[in-house]
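Structure assessment
Chain by chain, the residues:
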Amino acid sequence: MNGIQSDTKAQVRAFINENFIMGAKTVAFGDTDSFMDQHLIDSTGFLELVTWLEETFGIRVEDAEMVPENLDSLAAVEAYVARKLAA
Amino acid sequence: MLLHHDLEAWAGRNPDKSALVCGKVHHSYAEVDARARAVAALLQSRGVQRGDRVALYLDNGVDFVAGLYGALKIGAVFMPINPLTKEDKLAFMLGDARASALLTSGSLRAAWSGAVEQVPSVHTVVCTEVVADTGNREIVWPQGDAPTDFSLPPTIDQDLASIIYTSGSTGFPKGVMLTHLNMVSAGRSISTYLGMRESDRVLCALPLAFDYGLYQVLMSFRVGSTVVLERNFSFPMKVLETMAAERVTFFPGVPTMFAMLLGIKGLDAFDLSALRAITNTAAALSEKHIRELRDLFPQATLFSMYGLTECKRVTYLPPDQLGIRPTSVGRGMPNEEVWLVDEQGQRLPNGSTGELVIRGSNVMRGYWERPKETAERLKPGPIAGEMILYSGDLFRTDEEGWLYFVARRDDIIKSRGEKVSPREVENAIYAMEGVFEVAVVGVPDNVLGQAVKAFVTLKPGAELAERDVIRHCLARLESFMAPKYVEFVDALPKTDTGKIKKTGLG
């Protein structure tokens, strides 16, 4: 993993912990855990995540890219952001 | 005629027909019925009896459906609970209903394990994954070879089928008691006016814990059609893909879903030509959205509807009226009578504004163990012994008797089509260190309908950020109840008697 990629994961993890984790009980979640299955982020939450990704990484998330394969886990988000930045 | 007879009839009549499609997996009527029988046998072997309450705390999926029908088969009363519910509220509902059993999943353990500790009546937890050392209360969901025999209880249609909790102004939810007759009657009426048929394929991305979602399954099983069951509407593109691939014919939604859908570019890439009906309820669709939906799906009929958990559904607008009076929610559905009353309960003529009352077999039995609240909503009807439901909503009728929603009489906020009790949110925020006073109101929002906004005054020396308040609420409340906005103010407006005055806050 190069510096940019592992930094992405750390930033996203921090963003989720600060904004979605159901408060006092910080839940440990793995890189490939589904945000949806683990009830970490709900439907409005994914919209907020997208807005934050666009603002933080300067990317534009197309409608067609708003799919679980790109957004539903730390690993997925990391790979997606890396692809967008490399493009 | 009991609620679960439809499933049993179709399992016999057309066993291999798809009842549910979850992801790519098809579950036939025979399979769903067999799964339900296994749940029934298991619950009965654990001592769950006729009339006992069985809570369902699960995401949308085949287990939820098997669970609810399994409970019904042994005469138990199913209580669907939104999987977004957090520990304290879950404990409250389980305790309030004195539930005997909880059907749930491993992914929700963080919320339910603490909750069931607080509720001694829950003697059985049926979970999709079992953790070894939690005592003999927890058992695993029945697998393929599980026993399916159970003894039939003498249930009649006057017995309770379900208790569905609904938020109120008091800060604590109330359990709406629904009999088999209530639910069968409502399902028959709605599926009739919608024209649902055996060949339909219904997309359900609504929570099954919400009666709008639940009835997609109940009604589909009534006519023998297929439900394409989605977890939620988090990824609209995926749902659209599924709708195209599965040739979905019915799409029930709430305004927030339609707003998200209409915001997507490239919708014409999806072949949605099979779609023949779209339904809306829970909140009003704007005229703009109605126009845009009709332009987008010219081959589909759009049904605007209104209802409440206390009687499932009240009105629908016949689609041929949509062009004439787009903001109306129509008239009463089949086998139901509705009218407007004034403050004294006197019936009002067309052209008036008043509270909507409902008379019909779909009207609830009352609120579980809440005689005072029940008496505020159910009052004697025209025939001795019958009760009619006061909706708590103000409507007006035009000269022809068509109904238009005016306002709620209570202060409940509707965000994403979900009820949010300001008192519940305020109670949660009051639990924070440093908070002095709180006032929660709804403010208009293009996508949500209303957004939840909290005005907070702090104690001297206290420091809190908006994010702290929102996170605190997310820990205690369903996500749709957490405020979108938090504004810190020096003081809240007060009435002469010193109570917080919300008018003007926004």
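What counts as what
Residues numbered from 1 in each chain as written. Chains lettered and ligands numbered in written order. Predicted model: local features only at pLDDT ≥ 70, side-chain atom pairs only at ≥ 80, totals over all residues. Helix = DSSP H or I, 4+ residues; strand = E, 2+ residues; numbered from the N terminus. Rg over C-alpha atoms; globule rule 2.2 N^0.38 Å. Buried ≥ 20, exposed ≤ 12 C-beta atoms within 10 Å, placed from the backbone. Contact = placed C-beta atoms within 7 Å. Core = buried A, V, L, I, M, F, W, Y, C linked by C-beta atoms within 7 Å. Domains from an automatic or database assignment. Nonpolar A, V, L, I, M, F, W, Y, C, P; charged D, E, K, R; others polar. Expected span 1.5 Å × (residues − 1). Axes fitted to C-alpha atoms, helices over the stretch in contact; angles between N-to-C directions. Parallel < 35°, antiparallel > 145°, perpendicular 65-115°, else oblique. Left-handed = near helix turned anticlockwise from the far one by under 90°.

Quick word on the overall build of chain B
Regarding its fold elements, chain B presents 13 helices and 27 strands. Compactness check: chain B gives a C-alpha radius of gyration of 23 Å against a globular reference of 23 Å for 506 residues, within 12% of the reference. Across its three principal axes, chain B shows a C-alpha extent of roughly 65 × 60 × 60 Å. Within chain B, buried positions represent 50% of all 506 residues. Contacts in chain B between residues at least 24 apart in sequence constitute 65% of all its contacts with a sequence separation of at least 6.

Things to note about the nonpolar core
All names here are of chain B. Counting 170 residues, the largest nonpolar core has Val54, Leu94 and Leu102 as its most contacted members. Structurally, this core is a two-domain feature, drawing no fewer than three residues from each of domain 1 (29–155) and domain 2 (413–488). Sequence-distant contacts of leucine 94, defined by excluding residues within four places in its chain, comprise Ala55, Ala99, Leu102, Ala115, Val116, Val119 and Val122.

So, the domain arrangement of chain B
Residues and elements named next belong to chain B. Taken domain by domain, chain B holds domain 1 (29–155) and domain 2 (413–488). Facing the 5 residues of domain 1 at the interface are 5 residues of domain 2. Taken together, the residues that form the side of domain 1 that touches domain 2 break down as 1 nonpolar, 2 polar and 2 charged.

Quick look at the interface of chain A and chain B
Counting from both sides, the interface comprises 22 residues of chain A and, opposite them, 23 residues of chain B. Sorting the residues of the side of chain A that touches chain B by element identifies helix 1 (3–19) and helix 2 (43–57) of chain A as the ones contributing at least two each. Ranked by residues supplied to the side of chain A that touches chain B, first place goes to helix 2 of chain A with 4 residues. Grouping the amino acids of the side of chain A that touches chain B by side-chain chemistry returns 10 nonpolar, 7 polar and 5 charged.

Digging into the environment of glycine 266 of chain B
Assignment of secondary structure puts glycine 266 of chain B in the loop between helix 9 (255–262) and strand 13 (277–280). Expressed as a C-alpha distance, the spacing of glycine 266 of chain B and methionine 237 of chain B, which sit 29 residues apart in the sequence, is 10.0 Å. Setting aside anything within four residues of it in sequence, one finds glycine 266 of chain B in contact with Asp63 and Ala64 of chain A.

Here's the deal with helix 3 (residues 62–73) of chain B
Residue and element names in this part refer to chain B. When the terminal C-alpha atoms of helix 3 are compared, their 16 Å separation across 12 residues agrees well with the 16 Å that a helix rising 1.5 Å per residue should span. A large share of helix 3 lies buried, amounting to 11 of its 12 residues. Of the positions making up helix 3, those classed as buried are Asp63, Phe64, Val65, Ala66, Gly67, Leu68, Tyr69, Gly70, Ala71, Leu72 and Lys73. Immediately downstream of helix 3, the backbone of glycine 75 shows phi near 75°, a positive value.

A word on the packing of helix 12 (residues 422–430) of chain B against helix 13 (residues 466–476) of chain B
For any two helices packed against each other, one specifies the inter-axial angle together with the distance between the axes. Residues and elements named next belong to chain B. Close contact between helix 12 and helix 13 brings their axes to 9 Å; oriented N to C, the two are set at 115°. Here helix 12 lies roughly perpendicular to helix 13, going by the angle between them. Remark: the crossing between helix 12 and helix 13 carries right-handed chirality. Where helix 12 abuts helix 13, its residues Val425, Ala428 and Ile429 lie against Val469, His472, Cys473 and Arg476. Within the contact of helix 12 with helix 13, the residues separate by chemical class into 5 nonpolar, 1 polar and 1 charged.

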